[in-house]
Amino acid sequence: MKNMPVLTPIPFHKASLGREELAEAAAAIKSGWITMGPKTVEFEGRLRDYLAARAGTDPKRLHAVSVNSATAALHLALKAIGLKRGDEVIIPTTTFIATAEVVTYFGAIPVLCDVEEDTHNIDASLIERRVTRRTKAIIPVHFAGQPCDMDEIMALARRRRLKVIEDAAHSLPSFYKGRPVGVIGDITCFSFYATKTLATGEGGMLVTASEAYARHARINRLHGISRDAWDRYTLKGSWFYEVVDNGYKYNTTDINAGLGLAQLRRLDAMNEARLRIAARYDRAFAGSAVVGPVVRGGRETCAHLYVIKVGNRDALYDKLKADGIGTSVHFIPVHKHPYYRKAFGYRNADYPVANRVFERSLSLPIYPDMTNAQADFVAARVLAHAR
Ligand SMILES: *Cc1c(COP(=O)(O)O)cnc(C)c1O
C-alpha cells in the first residue's frame, strides 16, 4: 500500500475547468462588455456548427439561441409552440422538476408517463393512451444521456399533431441512430448548469431547425425587445427599440459564453474521459449484484450520469459517504413531490416502474478529471457494500 495516491475524498461531481476557461472568461472581462455580446453570438454559432457537422447538415438550417438555463429554454420552447392554459404536455415522471415546472408556468397540465426499467427513459409504448384533445406536446428526457425511442415518439407526434421538445439537459453529445440529439425533435433544450457535460456555471441553449421558433425565442429571451441589447449599444445600432412580445430576462453573459467556448473545444475529449470511466464501472459490475446502466442498440450515450441499481440504496449511500465517496439520486419522480401531488392529484400506483427504479437507483461519480484509480476505488467500495 505504500506510495498509494490519495484517492479520497471523491466528490460526486467536479467541473473540468482549466486555463482555457480562465483565458476566455478573462477576455470577456477585459473587453469591458460583460453581458450578452459578441462572445455569446460566437458560442451560439460554434454550438450550431458542432451539431450540424455531426448531423451532416448545413449549419444555416440550424439555429442556436443562448439562454441562462435549460429551464428557460424549455419555457421559451413551450411559449414558441403556443402552449395555453388547460393544455396538456406529456413528460416522464423520472426527471428533474424543471421539466414539469415549465408546463405549469402556462397553467397547463404536466401529464406524467411511466419509464422503462432498463433505460429510465419515457416508455414510448405508454404515451399514446395519454394523448387527449388537449395534448399539445411531448417532452422526452434523454436520461443520463441515452436518447429516448425517438423514431416512435416522432412518428406518434406527427400522427397526433403534437410537438416534440427534447429535454437534452443530459445529452451533449449523444446520438440516436447516428444523428446527434439537437437535430431530431422540433426544439431541443440543452443545459450548461455546473454539473452538466458542458458547464458554464448557469446556462442553456435552445436549438431548432425552425427559423420562426428561433426568432420567437431570441425576442422572448430579452424582454420581448425586437433586437438584442448588444445591437442597441454598438456604433451601428441606435437607441430605438420596440417591445413586440411579453418576454423574459433569460439572456446569458459573455463571461458564461467564454466558458462555453472553451468547454465546447474540449467537449469531445471530456466525453471520451467520461466514457472511459463508464467502461471501467461496466467491467467491474459485470456479473455482480450491481445493475449498471443499459445502453440500447442504435444509441450513443455521453454518460452524463452513471446510475446503478442495488437492493440497499440508502445504506449504500451512507457507506460510500463514510468511505469519502459522494453519490446522488436521479431523480425523485415528479409524482412524489408534495406540490405536484396536491396540484395535479398524481397517484403513486400509476408509476410502478419509476417507483421501483427510484428506490434502487444511486448515481456514482463520473467526470473527466476522475482518475482510473479513483474509478476502481469507487467500484471496489460499491461491490464491497452492495446487496
Ligand atoms: C439539469 C436539468 C434541467 C435544468 O437545467 P438548468 O440549466 O439547471 O435549468 C432540466 N432537465 C433535466 C433532466 C436536468 O437534469
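Preceding this paragraph is the structure being described.
Residues numbered from 1 in each chain as written. Predicted model: local features only at pLDDT ≥ 70, side-chain atom pairs only at ≥ 80, totals over all residues. Heavy atoms only, no water.

> Describe the pattern of salt bridges, with residues and values.
Enumeration over the complete set of coordinates arrives at 23 salt bridges. For lysine 136, the salt bridge goes to aspartate 87, with nearest N and O atoms at 2.8 Å. Here lysine 136, found in strand S4 (residues 135-138), pairs with aspartate 87, found in the loop between helix H3 (70-80) and strand S2 (88-92); they are 49 residues apart in sequence, far enough to count as distant. The partner of arginine 356 in a salt bridge is glutamate 117, and the shortest N-O contact between them spans 2.5 Å. Placement of arginine 356 in helix H12 (residues 352-360) and of glutamate 117 in the loop between strand S3 (109-113) and S4 is noted, with a sequence separation of 239 residues between them. On the accessibility criterion, arginine 356 (40% relative accessible area) is partly exposed. Connected through shared salt-bridge partners, Glu20, Glu24, Lys39 and Arg265 make up one network. (Salt bridge = Lys/Arg side-chain N within 4 Å of Asp/Glu carboxyl O. Helix = DSSP H or I, 4+ residues; strand = E, 2+ residues; numbered from the N terminus. Buried < 20%, exposed > 50% of the residue type's maximum accessible area, 1.4 Å probe, protein only.)

> Can you explain the sheet that holds strand S8 (residues 187-191)? Please cite residues and give values.
Spatially, the 7 strands line up as an open sheet ordered S1-S9-S8-S5-S4-S2-S3, and their pairing is mixed. Of all strands in the sheet, those bounded by a partner on one side alone are strand S1 (63-67) and S3. Averaged over all pairs of adjacent strands, the angle between their axes in this sheet comes to 25 degrees, without regard to strand direction. Of the strand pairs in this sheet, S2 and S4 are connected by 3 bridges, and their pairing is parallel. In the sheet register, isoleucine 90 faces S4, and the bridge partner there is isoleucine 138. Sitting on the sheet, H3 is in contact with S1, S2, strand S5 (163-167), S8 and strand S9 (204-208), with an inclination near 165 degrees to S8. Helix H6 (residues 211-220) contacts S1, S5, S8 and S9 of the sheet and is inclined by roughly 20 degrees relative to S1. (Pairing = 2+ DSSP bridges. Axes fitted to C-alpha atoms, helices over the stretch in contact; angles between N-to-C directions. Contact = heavy atoms within 4.5 Å.)

> Can you break down the nonpolar core residue by residue, with the values?
Core analysis: the largest hydrophobic core is formed by 40 residues, its most contacted members being Leu47, Ile127, Ile153, Leu172 and Phe190. For this core, the elements supplying multiple residues, two or more each, are helix H2 (38-55), S3, helix H5 (150-159), S9, helix H8 (254-265) and helix H9 (267-285). Aside from chain neighbours lying at most four places away, what touches phenylalanine 190 is Leu47, Leu51, Ala70, Ala168, Ser171, Leu172, Val181, Gly182, Gly203, Gly204, Met205 and Val207. Within the second largest apolar cluster, 37 residues are counted, among which are Phe106, Ala137, Ile139 and Tyr250. (Core = buried A, V, L, I, M, F, W, Y, C linked by side-chain atoms within 4.5 Å.)

> Describe in detail the environment of alanine 168, supporting the description with residues and values.
Structurally, the position occupied by alanine 168 is in the loop between S5 and strand S6 (175-176). Since its relative accessible area comes to 1%, alanine 168 is described here as buried. For the pair alanine 168 and isoleucine 187, spaced 19 residues apart in sequence, the C-alpha separation works out to 9.9 Å. For alanine 168, the residues in contact, after removing those within four places along its chain, are His142, Val181, Thr188, Cys189, Phe190 and Ser191.

> Now, about the pairing of S9: what can you tell me, with residues and values included?
With 5 of its 5 residues buried, S9 lies for the most part within the structure. Across 5 bridges, the pairing between S1 and S9 is antiparallel. Within the sheet, the bridge partner assigned to valine 67 lies in S9 and is glycine 204. The sheet contact formed by S8 and S9 spans 5 bridges and is antiparallel. Across the sheet, residue threonine 188 finds its bridge partner in S9, namely valine 207.

> Tell me about the packing of H9 against helix H13 (residues 372-385), and name the residues and values.
Remark: H9 packs on H13, axes separated minimally by 10 Å, with the N-to-C direction vectors making an angle of 30 degrees. Put simply, H9 runs roughly parallel to H13. Where H9 crosses over H13, the two elements pack in a sense that is right-handed. Facing Arg276, Ile277, Arg280, Tyr281, Ala284 and Phe285 of H9, the residues of H13 in contact are Asn372, Ala375, Asp376, Val378, Ala379, Val382 and Leu383. (Parallel < 35°, antiparallel > 145°, perpendicular 65-115°, else oblique. Left-handed = near helix turned anticlockwise from the far one by under 90°.)

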